[in-house]
Amino acid sequence: MALIYGLQAGGLYALAALPLAVALGIVGILNLSHGTLLMLGGYFAFWASTLWGVDPLVSVVPLLVVFFVIGMLLYRTTIRRALKATLFSQLLLTFGLYIVFQELANLLWRSNARQLDLSYSSASATIGSITFGTSGFIYLAAAIALVVGLVLFLRRAKTGQAAVAVGQNPRGAQLCGIDIDRIYLLIFSLTVAIIGAIGALYVIRYSIFPQVGMPFNLKGLCLIAVAGEGNLVGIVWFALFLGIAESLIRSFPGYGGWASIVFFALLIAGILVRTHRERRR
Amino acid sequence: MKSSLLETKSLTVRFGGLTALKEVTLECREGEILGIIGPNGAGKTTLINVVSGIYFPNGGQIVFDGKDITKLPAHMRCRAGIGRTFQTIQLVKELSASENIMVGCLFGRGLGLREARRKTQELCELLQLPRPERYLAQLTMLEIKKVELARALAMTPKLLFLDEVMAGLSINETRAMIDLVREIGSRGVTICAIEHVMMVIKDLTERVVVLDGGQIIATGPYEHVCNDPGVIDAYLGKEE
Amino acid sequence: MKHLKSALLIAILAAAICFPLYTGTYLHHTAANILIYTTLALSWDMLLRSGQISFGMSGFCGIGSYAAVMVCLNLGISPLLSIVLAGLVAGLVATLLGFAVLHLRGMYFAVVTLAVAEIFRVIVANLSVTGGTMGKLLPGAIFGGNSYGIYWLMLGILLLTIGLSELFERSRIRFALTSIRNNEIVARSTGIDIFKYLVFTFALASAIQGMVGAASAQINGFVMPESSFSLNFALLPLAMALFGGVLSTPGPVIGGVLLGIIDQVLREQIPYGHLLVYGIVLVVVVLFMPNGIVRAARVQIQRIRIQRIRPTS
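Here we summarise the structure given alongside this text. (Residues numbered from 1 in each chain as written. Chains lettered and ligands numbered in written order. Predicted model: local features only at pLDDT ≥ 70, side-chain atom pairs only at ≥ 80, totals over all residues. Heavy atoms only, no water.)

### Brief notes about the overall build of chain B
Then step 1. In terms of helices and strands, chain B carries nine helices and 10 strands.
Then step 2. Scaling as 2.2 N^0.38, a compact globule of 240 residues should have a C-alpha radius of gyration of about 18 Å, and chain B matches this with 18 Å.
Then step 3. The principal-axis extent of the C-alpha atoms belonging to chain B is close to 60 × 40 × 40 Å.
Then step 4. Of all 240 residues assigned to chain B, the portion counted as buried reaches 53%.
Then step 5. Sequence-distant contacts, at least 24 apart, represent 64% of the contacts inside chain B between residues at least 6 apart.
Then step 6. Put simply, chain B shows about 10,800 Å² of open surface, and 50% of that area lies on carbon and sulfur atoms.
Then step 7. The distance from the centre of the 29 positive side-chain charges to the centre of the 29 negative ones in chain B is 6 Å. (Helix = DSSP H or I, 4+ residues; strand = E, 2+ residues; numbered from the N terminus. Rg over C-alpha atoms; globule rule 2.2 N^0.38 Å. Buried < 20%, exposed > 50% of the residue type's maximum accessible area, 1.4 Å probe, protein only. Contact = heavy atoms within 4.5 Å. Areas by Shrake-Rupley, 256 points an atom, 1.4 Å probe, with all protein chains shown as cover. Lys, Arg positive; Asp, Glu negative; His and termini not counted. Charge placed at Lys NZ, Arg CZ, Asp CG, Glu CD.)

Here's what the structure looks like:
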């Protein structure tokens, strides 16, 4: 039981973490506004559904487009300048964006949680004596689709390969004639598009409120730090692992509150182990 | 016969699959100026790095001034009397030239702030370094080298490693630097200089060690080593 | 020129001390709140000088606040003393933590500090001895809620922190931290014991944060996991320090006070989402004044001075 919910939640964590990892690995920017972009996408999908009856699954496509454009705007106006600045500046910039987005949502939609009630969000199945919700499998399926898509893109597609080259060695890539600015624009906008669309998936099962973005930032960061920003498949594995671990702990009565420690504890353990191996002592 | 200040015994350093130093056994005698030469990638800088404590060896022993320092951390070796300069420019960007030198006084030597300032001024005069309140970006190459040298000297080292200190200098600047190094040597500092510029080696050193592929292939005075067939092969490549 | 600067500083100090005498209770509390975040901003900057970015301030604030409250409730220690003790506790925890974690650098270290802070919060929220999610209530606020006392308490802590920061800047610590920050290999080769300095700086900064957390708890009269370990403590001071200009004493202080004032003004105008403009300000500053406003202002003043000496036609 916990296993199943863990897989589903893990799928969602992976979904959130993957675009962040791509942005960090290739464009080299740690996008702290990442979680809030998911939140905004979620709100768009929510209102689309509530006002016009558009199902969130259907909203995914227009959201991809809308957020791609948003990503392009963000890149052109703000991110590009920050890339030449220090790490602090980049952190501060994306953090500022995070505040802007979150407060914008606060301003427009207040902070109460809203929930969609879709016909299939409470669909369930029964195996043996266990009944469980099945709509969450969307996350797992989407995560698998996303990681497969990303890996194929980065390994096979010409643009993808160029992107990897830029991520590893921007100067070198530039010398080979790759237009790194275009790559940055493309990849950044792509990650924004993906995370916005994921917002639509999010509202299928969960309630949305402005603060919903930050935990995804944190958990996404955890996953990237443990798996490594280039290790997309690893991120998915760790996400599932952590989702299951979290779910397991929650299933023990009385220990529910400790569940969120799982992520952080495993994160710290993972980082310490990794850096211990790398240290030349 | 001068006593041995530094001895490495079968020193081996591996980086993953690459063996940078293989069973290197050498000796540096007190008061001498020892030259270390060899083609690129021979392991010369690795040797300095391992003796000064940036890396720890995979095998072998380092004995300095009679004590085994193989396990000693870098900042302690520096206080024990090992100083070094760097091949690439390694001054602290956000400190001025004199402040860089003060770092050496304060931590390498453990002086108080006031004494450190005084000593820094002395060193600037010794090395003829005008306006030491300037920062890295405002210094010429020769001045940068002088600051690095001053910083190393500020730690009153017994043994000073110079890693290609002549690189990037003009002929006149090289001559000035050679005189400077000789002056330092005459004040009792043992010097170990890695160099590519043979004129410098010939002028400055009494003894030379030749490294190739992580191993010592020759030792002795410069003229002797110059004519060693193994050394010629290493530099020019074997005749097929 | 130097005398003018000293005179100005003394004037500002006098004004700060006399501030409560001319303003009402509400402003006392508001100012105290600004001082809290400003102190945190400065303490964050002090660690930054060693090259380490920390996202864990909320953790030490929380530890400090809980330590103070527990010590007050269970051992009957006076509120002021509890604040000092809280600082020591936070510093001790930081030292122990530091041994495990200060081998990490950059993003790894930052992320781990955040994770540790969150772990502290969850632990505290789940133990009954710390009151679980309901937290603990103090019998009364410090000084009986007297806002004059509260303001001067926070001002005192800020002044103490400024003193420590200046000590860092004027002693060998500055040389050590700057070397470590720029180039660790060189630092090691010049005799600097990197680990010792990192642990020391981390512990000191965390102790300050613990004291701030404790003072905040004493002022509010309670501790709760959500508020005592609030991420606001971890994140807003960063913005203040960056806004004012990092790696200096005046930068975080000026940035903290200015942003704090801007925030308070906005809070009254736009109750819901006032932080929005705060965020916009941040974005604008990063794009146009990346070194912080203090340095940008200094550059402008220099330009004006040069203009006066050599007016261009």
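After that view of the structure, there is still more to cover.
### Some words on empty space enclosed by the protein
Then step 1. Scanning the model with the defined rule gives six cavities of 30 Å³ or more in all.
Then step 2. Approximately 110 Å³ is the volume attributed to the largest cavity.
Then step 3. Around the largest cavity sit Leu32, Phe95, Tyr98, Met214, Asn217, Leu218 and Leu221 of chain A together with Phe55, Leu114, Leu231 and Leu235 of chain C, which together line it.
Then step 4. Among the elements that make up the lining of the largest cavity, the one with the highest residue count is helix H9 (residues 213–227) of chain A (four residues).
Then step 5. Residue classes in the lining of the largest cavity are distributed as 10 nonpolar, one polar and no charged.
Then step 6. In this structure, the second largest cavity occupies an estimated 50 Å³ of space.
Then step 7. Considering the residues around the second largest cavity, the lining is formed by Leu32, Leu91, Leu92 and Phe95 of chain A together with Phe55, Leu235, Leu238 and Leu242 of chain C.
Then step 8. Elements with a minimum of two residues in the lining of the second largest cavity: helix H4 (87–109) of chain A together with helix H11 (231–244) of chain C. (1 Å grid on protein atoms, 1.4 Å probe; cavity = no way out; pocket = protein on both sides within 12 Å on 5 of 7 lines; lining within 4 Å. Points joined across faces, edges and corners; volume = space filled by probe spheres on them. Nonpolar A, V, L, I, M, F, W, Y, C, P; charged D, E, K, R; others polar.)

### Describing unusual backbone geometry
Then step 1. Phi is positive for Thr156 of chain B, which is not a glycine, with a value near 40°.
Then step 2. Within the secondary structure layout, Thr156 of chain B lies in the loop between helix H5 (141–154) and strand S7 (159–163).
Then step 3. On the basis of relative accessible area, Thr156 of chain B is assigned to the partly exposed category, the value being 34%.
Then step 4. Non-glycine residue Leu247 of chain C carries a positive phi angle of around 60°.

### Quick notes on the pattern of salt bridges
Then step 1. Across all of its chains, the model carries 18 salt bridges over all chains by this definition.
Then step 2. Across the salt bridge formed by Arg29 of chain B and Glu27 of chain B, the nearest N and O atoms sit 3.8 Å from each other.
Then step 3. When the shortest N-O distance is used, the salt bridge between Arg49 of chain C and Asp45 of chain C registers 3.0 Å.
Then step 4. We classify Asp45 of chain C as buried; its relative accessible area is 0%.
Then step 5. In the salt-bridge network here, residues are joined through shared partners; they are Asp45, Arg49 and Glu169 of chain C. (Salt bridge = Lys/Arg side-chain N within 4 Å of Asp/Glu carboxyl O.)

### A look at the environment of Gln90 of chain A
Residues and elements named next belong to chain A.
Then step 1. Note on placement: Gln90 falls in helix H4.
Then step 2. Take Gln90: its relative accessible area is 7%, and that puts it in the buried class.
Then step 3. Along the chain, Gln90 and Thr78 lie 12 residues apart, while their C-alpha atoms are 9.7 Å from each other.

### Let's talk about the interface of chain C and chain B
Then step 1. Taken together, the 21 residues of chain C in the interface contact 24 residues of chain B.
Then step 2. Both faces combined, the contact of chain C with chain B buries some 2,000 Å², and carbon together with sulfur accounts for 62% of it.
Then step 3. Interface area lost by chain C to chain B is led by Arg172, Phe175 and Thr190 of chain C, which between them contribute 30%.
Then step 4. For the interface between chain C and chain B, the tally reads two salt bridges. (Buried area = accessible area lost by both parts, 1.4 Å probe.)

### Things to note about the interface of chain C and chain A
Then step 1. Each partner contributes residues to the interface: chain C has 39 residues there, and chain A has 39 residues.
Then step 2. On the surface where chain C and chain A come into contact, there are zero salt bridges.
Then step 3. Summed over the shared surface of chain C and chain A, the number is zero residue pairs in polar contact (both at pLDDT 80 or more).
Then step 4. Top element by residues in the side of chain C that touches chain A is helix H5 (residues 106–126) of chain C. It accounts for 12 residues.
Then step 5. Grouping the amino acids of the side of chain C that touches chain A by side-chain chemistry returns 32 nonpolar, five polar and two charged. (Polar contact = N/O pair within 3.5 Å; in protein donor to acceptor, adjacent residues only side chain to side chain.)

### Quick notes on helix H4 (residues 113–126) of chain B
All names here are of chain B.
Then step 1. Taking 1.5 Å as the rise per residue, H4 with 14 residues should run 20 Å; its terminal C-alpha atoms sit 20 Å apart, in good agreement.
Then step 2. For H4, the set of buried residues is Ala116, Thr120, Leu123 and Cys124. Buried residues of H4 fall within an arc of 100° about the axis and therefore sit on the same side. Pointing more than 90 degrees away from the buried face of H4 are the exposed residues Arg114, Arg118, Gln121 and Glu125.
Then step 3. Looking at the packing, one finds that the buried side of H4 touches helix H3 (97–108) and H5.
Then step 4. Looking at the residues trailing H4, positive phi occurs at Gln128, about 55°. (Expected span 1.5 Å × (residues − 1). Arc of directions from axis to C-beta.)

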